[in-house]
Amino acid sequence: METIEELKVHYGWTEEDEENLAKVSWLGEKYKEDFIEEFYRYLENFSDTSKYLPDEEVRKRHKEKVKGWFASLFTSKYDAQYLRKLYRIGETHVRIGLPPHYVQASMNFVRNYIADKLTMEMGSTLEANSILKSINKALDINLDVMINSFREEELRLYLASGKYQRLLIENVRRVSWFFDTFIILTLAVVGVFLIFWIVYEIGLVLKGDFPLERGGLSILGSVLVLYAISELLAEEIKHIRGSALSLKVFVGVALAAVIRKILIISLSPEKVQELITLSVVTLSLGVVFWLIYRVESKL
Ligand code: HEM
């Protein structure tokens, strides 16, 4: 990790920046309560915020810590001790498994929030501009150090393994990348086939070869399967970008396929037995879907 002196050189941090922050040292104290409310409203944009901030106790603790961080952004001396504090925040985020993307995105929110408040208080003067530049540098330094913990954790894990393990990790990564690409291409091709199939079914209905009721239900079923495949594709793309794979999407595809079958069979009253069997399968898949959903949202 870089030292505070190196960071200051890399980000062009000067005496003027320290003075600029000192000029608005009141800003942190004045707005910290409003900031934390807005920040938490913003965090609700992340689909799994409650996974990391699961209950009131953790949220309360986190709110206090973030408020402290916000106020000290303007008042703290940018020295080795401050750097250690930032690094510890990063380590805590690594420990709870928070995706670094969340921290990066949140910092963008903080940047905009401060810019708004500064303009409100000081207008768009030259001085306000210069202060804003210094605040942006401070935020960049903060983000750099916090994100460094994630990079170092990755590196630590990688270096902890021996030469052959590293070779194995590299090759497994390549193979896994090949599998993922193959799956994405296959899903895309299946999706295109399904679109052709839907168009073909619409053609049959229009020509009168397929009764309207049966045709409509069959098309509806095919669209449902197409929707499930598109979900699977989106999930696989997220997986390639580094997220964990969600099992519930696979169950979702199975559900869509069974529901499609039910839609078609529902028009044949003589197939009651088959309909009952498929309903039981749908119910079981629904329960599995719900169980996976509950487990995944707690992880
Ligand atoms: C600008 C972005 C963020 C800042 C400045 C920040 C700040 C902090 C600070 C100061 C701590 C206390 C670290 C310690 O003393 O060990 C902390 C811990 C934590 N942060 Fe963040 N955080 C940010 C983003 C997030 C996000 C996006 C989440 C989740 C969605 C999150 C979840 C947590 C959790 C769960 C803890 C541990 C809380 C505890 O159990 O005490 N943080 N964060």
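Computed from a predicted model, the values in this text were never measured in an experiment.

## Here we look at the site of the ligand
- Taken together, 20 residues form the shell around the ligand, and within it Y52, R61, H62, T92 and H93 come nearest.
- The side chain of T92 places a nitrogen or oxygen atom 2.6 Å from an oxygen atom of the ligand.
- Side-chain polar atom of H93 to a nitrogen atom of the ligand: 2.9 Å apart, as the coordinates give it.
- Contributions of two or more residues to the shell around the ligand are made by α3 (25-43), α5 (56-75), α6 (80-95) and α7 (100-122).
- If one sorts the elements of the shell around the ligand by residue count, α5 sits on top with six residues.

## A look at the coordination of the iron atom of the ligand
- The protein atoms that coordinate the iron atom of the ligand are H62 (NE2) and H93 (NE2), at distances spanning 2.2 to 2.3 Å.
- By relative accessible area, H62 is classed as partly exposed at 22%.

## Points about the UniProt feature "transmembrane region" (unreviewed entry) in the protein chain
- Those places that UniProt annotates as "transmembrane region" (unreviewed entry) correspond, in this numbering, to residues 175-200, 215-233, 245-263 and 275-293.
- Helix and strand shares over residues 215-233 are 100% and 0% respectively, and the end C-alpha atoms of the span are 27 Å apart.
- Between the first and last C-alpha atoms of residues 275-293 the distance is 26 Å; the span itself is 100% helix and 0% strand.

## Things to note about the domain arrangement of the protein chain
- Domain boundaries in the protein chain define domain 1 (4-160) and domain 2 (164-298).
- For domain 1 versus domain 2, the separation of C-alpha centres amounts to 42 Å.

## Here's the deal with the side chain of T282
- Looking at the secondary structure, you find T282 in helix α12 (residues 272-298).
- Classification of T282 by relative accessible area gives buried; the value is 18%.
- If near-sequence neighbours (up to four positions away) are discounted, T282 is found in contact with L255, V258, I259 and I262.

## Section: the packing of aromatic side chains
- Following the criterion strictly, the structure yields 17 aromatic pairs and no others.
- An angle of 15° between the planes, with centres 4.8 Å apart, marks the rings of Y42 and F109 as stacked. On the criterion of sequence distance, the pair formed by Y42 in helix α3 and F109 in helix α7 is long-range, its members being 67 residues apart. Comparing Y42 with F109 shows no difference in burial state: the two are buried.
- Joined through ring pairs, the aromatic side chains of F35, F39, Y40, Y42, F46, Y52, F70, F74, Y102, F109 and Y113 make up one cluster.
- Directly above the ring of Y40 sits K63, whose terminal nitrogen or CZ lies 4.9 Å from the centroid.

## Comments concerning α7
- With 23 residues, α7 ought to run about 33 Å at 1.5 Å a step, and its terminal C-alpha atoms sit 33 Å apart, in line with that.
- What α7 keeps buried is the set Y102, V103, A105, S106, M107, F109, V110, Y113, I114, A115, K117 and L118.
- Of the residues flanking the end of α7, it is G123, one or two places downstream, whose phi is positive at about 70°.

## Notes on the pattern of salt bridges
- This structure, assessed with the given rule, holds 15 salt bridges.
- One continuous salt-bridge network, built from bridges that share partners, spans E33, E64 and K67.

## Topic: a nonpolar patch on the surface
- A surface patch of nonpolar side chains, about 670 Å² in accessible area, is lined by V175, W177, F178, F179, F182 and I183.
- With respect to the element layout, I183 can be found in helix α9 (residues 163-207).
- What makes I183 partly exposed here is its relative accessible area of 36%.

## Some details on the nonpolar core
- Judged by nonpolar contacts, the single largest core of 47 residues is most densely connected at F35, F39, W69, V110, I114 and I135.
- The element best represented in this core is helix α8 (residues 126-160), accounting for 10 residues.
- In contact with I135, not counting residues within four places along its chain, are L21, V24, F74, I114 and L118.
- In terms of nonpolar packing, the next biggest core, distinct from the first, is built from eight residues, L187, L194, A228 and V249 among them.

## Quick word on the packing of α3 against α7
- Two elements in contact, α3 and α7, have axes separated by 11 Å at closest approach and are oriented at 135°. It follows from the interaxial angle that α3 and α7 lie oblique. The hand of the α3/α7 crossing is right-handed. Residue-level inspection shows W26, L27, K30, Y31, D34, F35, E38, F39, Y42 and L43 of α3 in contact with α7, the latter providing A105, S106, F109, V110, Y113, I114, K117, L118, M120 and E121.
- Taken together, the residues that form the contact of α3 with α7 break down as 14 nonpolar, one polar and five charged.

## Some thoughts on helix α10 (residues 212-240)
- Compared with an ideal rise of 1.5 Å per residue, which puts 29 residues at 42 Å, α10 spans 42 Å between its outermost C-alpha atoms and is within 8% of the ideal.
- Here α10 has its buried residues at G215, S218, I219, G221, S222, V225, A228, I229, L232, E235 and E236.

About the thresholds
Within each chain, residue numbers correspond to sequence positions counted from 1 in written order. At least 70 in pLDDT is required for a residue's local features to be given in this predicted model, at least 80 for side-chain atom pairs to be given and counted, and no such filter applies to totals for whole chains, interfaces and linings, which use all residues. Derived side-chain values reflect all non-hydrogen atoms in the structure, with water molecules and hydrogen atoms excluded from consideration. We call a residue near a molecule or strand when any one of its heavy atoms sits within 4 Å of it. Under this definition, polar contacts are N or O atom pairs within 3.5 Å; protein pairs additionally need one hydrogen-donor-capable and one acceptor-capable atom, and for neighbouring residues in sequence, both atoms have to be side-chain atoms. Secondary structure elements are defined from DSSP: runs of H or I of at least 4 residues count as helices, runs of E of at least 2 residues count as strands, and each element is numbered from the N terminus. Coordination shells were defined by N, O and S atoms within 2.8 Å of each metal, extended to 3.2 Å for Na, K and Ca; water is absent from the atom set, which can make sites look incomplete. Classification of residues uses two cut-offs on accessible area relative to the type maximum, computed with a 1.4 Å probe and protein chains only: under 20% is buried, over 50% is exposed, and between them is partly exposed. UniProt positions are given in the numbering used here, feature names are shortened, and annotations may be inferred rather than shown by experiment. Throughout the structure description, domain borders are defined by an automatic or database domain assignment. Only heavy atoms matter for contacts: two residues are in contact if any of them lie within 4.5 Å across the pair. Planes of paired rings set the category: under 30 degrees apart is stacked, over 60 is edge-to-face and the rest tilted, where pairs are Phe, Tyr or Trp rings (Trp by its six-membered ring) whose centres lie within 6.5 Å. Each ring is checked for a lysine NZ or an arginine CZ that lies within 6 Å of its centre and within 35 degrees of its normal; such an atom marks a charge sitting over the ring. What a helix is expected to span follows from its residue count: subtract one and scale by 1.5 Å. One speaks of a salt bridge when a side-chain nitrogen belonging to Lys or Arg is within 4 Å of a carboxyl oxygen belonging to Asp or Glu. What makes a patch is a set of residues exposed beyond 30% relative accessible area and free of salt bridges, joined within 9 Å when like-charged and within 5 Å when nonpolar (Val, Leu, Ile, Met, Phe, Trp, Tyr). Where accessible areas are quoted, they stem from the Shrake-Rupley method and a 1.4 Å probe; at the residue level, only the protein chains shown are allowed to cover. Side-chain atoms within 4.5 Å link the members of a nonpolar core, which is a set of buried Ala, Val, Leu, Ile, Met, Phe, Trp, Tyr and Cys residues. Each axis is a line fitted through C-alpha atoms, and for a helix only the stretch in contact is used; angles between axes span 0 to 180 degrees, taken between their N-to-C directions. If an angle is under 35 degrees, it is roughly parallel; if it is over 145, roughly antiparallel; if it lies from 65 to 115, roughly perpendicular; otherwise it is oblique. Note on convention: near helix rotated counterclockwise from far helix by under a right angle means a left-handed crossing. Clockwise means right-handed. Any residue that is not Ala, Val, Leu, Ile, Met, Phe, Trp, Tyr, Cys, Pro, Asp, Glu, Lys or Arg is counted as polar, Gly included; the first ten are nonpolar and the last four charged.

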